[in-house]
Amino acid sequence: MLDPRVLRLIAITPELTGEREGFVDRLTAAVRGGATCVQVRQKKASPRECVEIARLIIAAVTVPVIVNDRADIALAAGAAGVHVGAADLPVVAVRRFAPPGFIIGASLGSDDELANARDADYVGIGPVRTTQTKDDAGSAIGVDGFTRLASLVSLPAVGVGGVDALAAARLVAAGAAGVAVSSGIFSSLDPESATRQFASATGT
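What you are looking at is a predicted structure, and each value in this text was computed from that prediction instead of being measured. (Residues numbered from 1 in each chain as written. Predicted model: local features only at pLDDT ≥ 70, side-chain atom pairs only at ≥ 80, totals over all residues. Heavy atoms only, no water.)

Trainee: Even after reading the chapter, I still don't get the pairing of strand β1 (residues 9-12), so can you show me in this structure?
Mentor: Side chains of β1 alternate between two faces, with L9 and A11 and I10 and I12 buried alike. For β1 and strand β8 (residues 178-181), the ladder comprises three bridges, and the chain directions are parallel. Considered in β8, the bridge of A11 is made with V181. Following the backbone out of β1, through helix α1 (residues 20-33) and into the adjacent parallel strand β2 (residues 37-40), one traces a crossover that is right-handed. (Buried < 20%, exposed > 50% of the residue type's maximum accessible area, 1.4 Å probe, protein only. Helix = DSSP H or I, 4+ residues; strand = E, 2+ residues; numbered from the N terminus. Pairing = 2+ DSSP bridges. Right-handed = clockwise from strand over helix to strand, strands pointing away.)

Trainee: I tried to follow helix α7 (residues 165-173) on my own but got confused; where do I start?
Mentor: The α-helix advances 3.6 residues per turn, and as a result positions three or four apart in sequence lie on the same side. Within the sequence span of α7, burial applies to A167, A168, L171 and V172. Viewed end-on, α7 has its buried residues packed into an arc of 135°, placing them on one side of the element. Residues of α7 that are exposed and point over 90 degrees away from its buried face: L166 and A173. Contact partners of the buried residues in α7: α6 (142-150), β7 (157-160), β8 and α9 (191-202). One or two positions beyond α7, positive phi appears at G175, with a value near 110°. (Arc of directions from axis to C-beta. Contact = heavy atoms within 4.5 Å.)

Trainee: Help me understand the pairing of β2, please; the structure alone is not making it clear to me.
Mentor: Here is the key point about a regular strand: its side chains alternate between the two faces of the sheet. The side-chain alternation of β2 yields two buried faces, one formed by C37 and Q39 and the other by V38 and V40. In this structure, β1 lies alongside β2, joined through three bridges in parallel fashion. Paired with I12 across the two strands is Q39, which belongs to β2. Where β2 and strand β3 (residues 65-68) come together, three bridges link them in parallel fashion. Bridging across to β3, Q39 finds its partner in I66. Handedness of the crossover joining β2 and β3 through helix α2 (residues 47-60) is recorded here as right-handed.

Trainee: Teacher, can you tell me more about the packing of α1 against α9 here?
Mentor: Helix packing for two helices is described by the angle between their axes and how far apart those axes are. Two elements in contact, α1 and α9, have axes separated by 7 Å at closest approach and are oriented at 35°. Note on packing geometry: the crossing formed by α1 with α9 is right-handed. Listed contacts from α9 to R26, A29, A30, R32 and G33 of α1 are P191, E192, T195, R196 and A199. Partitioned by chemical class, the residues of the contact of α1 with α9 number four nonpolar, two polar and four charged. (Axes fitted to C-alpha atoms, helices over the stretch in contact; angles between N-to-C directions. Left-handed = near helix turned anticlockwise from the far one by under 90°. Nonpolar A, V, L, I, M, F, W, Y, C, P; charged D, E, K, R; others polar.)

These results come straight from atomic positions and should not be treated as a statement about function.
In structure tokens:
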């Protein structure tokens, strides 16, 4: 069974644009700052590159690592789980070949996605606010929209999309299991310090 504490502060990787060593160093800094999980999201990388990057991260950090979109990549890399969107392989299909204990998260941004999301271990609800890091994120739903969708599933819910420290605190106060953050952490020159702000806001 998924320990909801893993979901308190998920650091979503930025796209890898430079040396892998520096990239991984920024992720380990985020974990030192309080990230409880790392989600590997590399839209521009090939599947082979994604596996390599995920393996590097898994070897470097002390928290669970999940892979965005691709369960096959997650399994090949030895990741703890996968997070799937509406256009990805359905949760029930992933369940058929995933090993016991494999974490499956699902995106939930509208009522149309409820059927798939209900079979997951947790849901990522959003975008809470407008985000520049995900082109297909959809319209912002706000904390009220998050709360409404979270009430429709009996699963831990994570707020995602344009989340800053203030929004993170509001989401946790509204019952969120945690938040998932990318630019709020990795746009900073000091990702460890930036993560500490989110950790403080969420009570991590």
